[in-house]
Amino acid sequence: MNYGQPQPQGPPQYSRLNRRRRSSIPELITEKVEDSLDIAFKPFKKHLGMLGRFLIVATFLEDTLRLIVQFDSQTRYLQDGLGGRFASQLFLIVNIITMLACSGLAIAKKYTEAAVTGLALVVISQAMAYGMIFNMSFIFRNLAIIGGLVMIVVESLSTQTQQNFFPAIFQQSPNEKRSLYLSLIGRVLLIFLVFSLITGGSFSFWRILMGIIGAVASVLVAVGFKAKWSALFLIVFLSIANVLLHGFWGLNSRVQEDYQRFNFFQTLSVMGGLMLLLSVGPGKMSVDEKRKRR
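Right, let's walk through the structure included here. (Residues numbered from 1 in each chain as written. Predicted model: local features only at pLDDT ≥ 70, side-chain atom pairs only at ≥ 80, totals over all residues. Heavy atoms only, no water.)

1. Quick look at a nonpolar patch on the surface
Part 1: Together, Leu121, Ile124, Met128, Ile133 and Phe134 line one region of the surface with nonpolar side chains, adding up to about 580 Å² of accessible area.
Part 2: Mapped onto the elements of the fold, isoleucine 133 is located in the loop between helix 6 (112–129) and helix 7 (136–163).
Part 3: Judged by its relative accessible area of 41%, isoleucine 133 is partly exposed. (Patch = residues over 30% accessible without salt bridge, like charges linked within 9 Å, V, L, I, M, F, W, Y side chains within 5 Å. Areas by Shrake-Rupley, 256 points an atom, 1.4 Å probe, with all protein chains shown as cover. Salt bridge = Lys/Arg side-chain N within 4 Å of Asp/Glu carboxyl O. Helix = DSSP H or I, 4+ residues; strand = E, 2+ residues; numbered from the N terminus. Buried < 20%, exposed > 50% of the residue type's maximum accessible area, 1.4 Å probe, protein only.)

2. Here we look at the nonpolar core
Part 1: Membership of the largest hydrophobic core comes to 54 residues, with the highest contact counts inside it found for Phe60, Leu149, Ile152, Leu238, Val270 and Leu274.
Part 2: Every element with two or more residues in this core is listed here: helix 3 (45–69), helix 5 (85–108), helix 6, helix 7, helix 10 (192–199), helix 11 (205–223), helix 12 (227–246) and helix 13 (254–280).
Part 3: When residues no more than four places from it in sequence are discounted, the contact partners of phenylalanine 60 are Met99, Ser103, Leu119, Val122, Val123, Ile145 and Leu149. (Core = buried A, V, L, I, M, F, W, Y, C linked by side-chain atoms within 4.5 Å. Contact = heavy atoms within 4.5 Å.)

3. Quick word on the environment of glycine 273
Part 1: Checked against the element boundaries, glycine 273 lands in helix 13.
Part 2: The buried category is assigned to glycine 273, whose relative accessible area is 0%.
Part 3: Those residues within four positions of glycine 273 in sequence are excluded, and the remaining contacts are Ile56, Gly148, Met151 and Leu190.

Here it is in structure tokens:
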């Protein structure tokens, strides 16, 4: 034996086997279930990505319809802050066109980065125009929406990396490097929606309980520990919370109906971002990835 010299590690399957031998029984069970989950989701992966992208832009499509239907009232609301009727009408028209065009491009995975940039600018410009930049619940929600948009870019870069697989064997591609950081940014931004659930509305036992449960799962998503499990749990959790907290149907007040509809579709968008996380995984800057390398 050559002491002091690095010893051969053997094929990857043996490394994986040794890692499993060192794992505890609960870890082995969760790994087995995760593998089964990956196999079960594989036939639906393409459709999961399409559904995720559609849900992310759902809030922009709903907002487009709202601005068209309420064009006159929105013009009157904005004209004082934007300096006149013409300026407010121009602002609304530009927003409508941008949201329609960029949403369609994002769903179709065409000019993805340009589409995401356009939608992100809509989010920022509307926050400023409507004077909501100091509303923390609103800011948290919009950060989560931007996180969903970032996940669209991550999915696109992941697809490009897979198409350029052979060159990526020898060196890390630029797309892979960008995806590395964007995946982390997207995961962190997505969880801001849970903070909006905690800070938005009146405090109650159920809101606090849901906030605590959601916060734990959100932290797991952010650090990338059991990320797919945590993302799947958050999708189910947000589905229930969305119906309970933001059911806009049947409300008597038009203002409350618009407000809750807005929150409802924004939550759908974050769920879409989590679906893309299920589809592409948490990326290399995650606890899950580091555990695989052990």
